[in-house]
Amino acid sequence: ALLLPSKWLLSAAKLLFRRCLGPSGGPDAERMQLIRLAGILAASLWLGSACAFQLLEGWSFARALFFCFMTFTTVGIGTDVPSSLASGLAATAYAYVSLSLSVGL
């Protein structure tokens with residue numbers, strides 16, 4: 001149920017499109033706006049989560065990026081595992097949000 005877009009979420013997305021990505025010019029323009037927005041969301045989620053894991057775990061930024069990429073793509077090699085409860089909860093939340101975003105794309 002959380003993966004399905006609600007009417008409120010769709011209207012908020014349309015408002016965001018108009019304000020940030022410009023007016024829509026038809027179905028193709030709206031599709032391109034949606035692709036741009038999804039790319040921005042995915043990149044900001046990936047980079048922001050890498051920063052969070054860098055702070056929580058003390059990993060290098062490259063290692064945190066690798067962990068987030070492996071989690072986002074559901075490869076899960078398992079070379080890096082969160083060691084504390086806070087980072088484990090953050091990893092669980094990141095996995096849920098990133099998988100929800102990738103299923104929505």
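Everything here concerns the structure above.
The shown structure was predicted, so the numbers you read here are calculated from the model rather than taken from an experiment. (Residues numbered from 1 in each chain as written. Predicted model: local features only at pLDDT ≥ 70, side-chain atom pairs only at ≥ 80, totals over all residues. Heavy atoms only, no water.)

1. Description of the overall build of the chain
Put simply, the test is: Comment: elements are numbered from the N terminus, with helices defined as DSSP H or I runs of at least four residues and strands as E runs of at least two. Accessibility here uses a 1.4 Å probe with only protein chains present; expressed as a share of the type maximum, an area under 20% marks a residue as buried, one over 50% as exposed, and anything in between as partly exposed. We call two residues in contact whenever any of their non-hydrogen atoms come within 4.5 Å of each other. We get accessible surface area from the Shrake-Rupley algorithm with a probe of 1.4 Å; when it comes to residues, only the shown protein chains can shield them.
For the chain, the count of helices and strands is 4 helices and 0 strands. Beginning at the N terminus, the succession of helices and strands in the chain can be written as α-α-α-α. Buried positions account for 23% of the 105 residues belonging to the chain. Of the contacts made within the chain by residues no fewer than 6 positions apart, 41% connect residues no fewer than 24 positions apart. Accessible surface, the chain as shown: approximately 7,200 Å² in total, 71% of it carbon and sulfur.

2. Quick word on the state of the cysteines
How we decide: A pair of cysteine sulfur atoms is labelled a disulfide when the two atoms are within 2.5 Å.
Taken as a whole, this structure holds 0 disulfides when the rule is applied. Here Cys-51 is not cross-linked by a disulfide; its sulfur's nearest cysteine counterpart is in Cys-68, at 9.1 Å. Owing to a relative accessible area of 0%, Cys-68 belongs among the buried residues under this scheme.

3. Remarks on the side chain of Asp-80
Quick note on the threshold: As used in this structure description, the phrase polar contact means that two N or O atoms lie within 3.5 Å; if the pair is within protein, one of them must be able to donate a hydrogen and the other to accept it, and residues adjacent in sequence are counted only when both atoms belong to side chains.
On the secondary structure map, Asp-80 appears in the loop between helix H3 (61-72) and helix H4 (85-104). Polar contacts involving the side chain of Asp-80 include one to the side chain of Arg-63, which spans 2.7 Å.

4. Focus: the packing of aromatic side chains
Where we set the bar: Classification of ring pairs rests on two measures: the distance between centres of Phe, Tyr or Trp rings, Trp counted by its six-membered ring, which must be within 6.5 Å, and the angle between planes, read as stacked under 30 degrees, edge-to-face over 60 and tilted in between.
If you walk through the whole model with that rule in mind, you get 5 aromatic pairs. Taking the centre distance of 6.0 Å and the plane angle of 50° together, the rings of Trp-46 and Phe-69 count as tilted. You can see Trp-46 sitting in helix H2 (residues 27-57) and its partner Phe-69 sitting in helix H3, a full 23 residues away along the chain. Residue classification places Trp-46 among the partly exposed positions, given a relative accessible area of 32%. A residue is classified by how much of its surface remains accessible, and Phe-69, at 37% relative accessible area, is partly exposed. Aromatic rings pair up to connect Phe-53, Trp-59, Phe-67 and Tyr-94 into one cluster.

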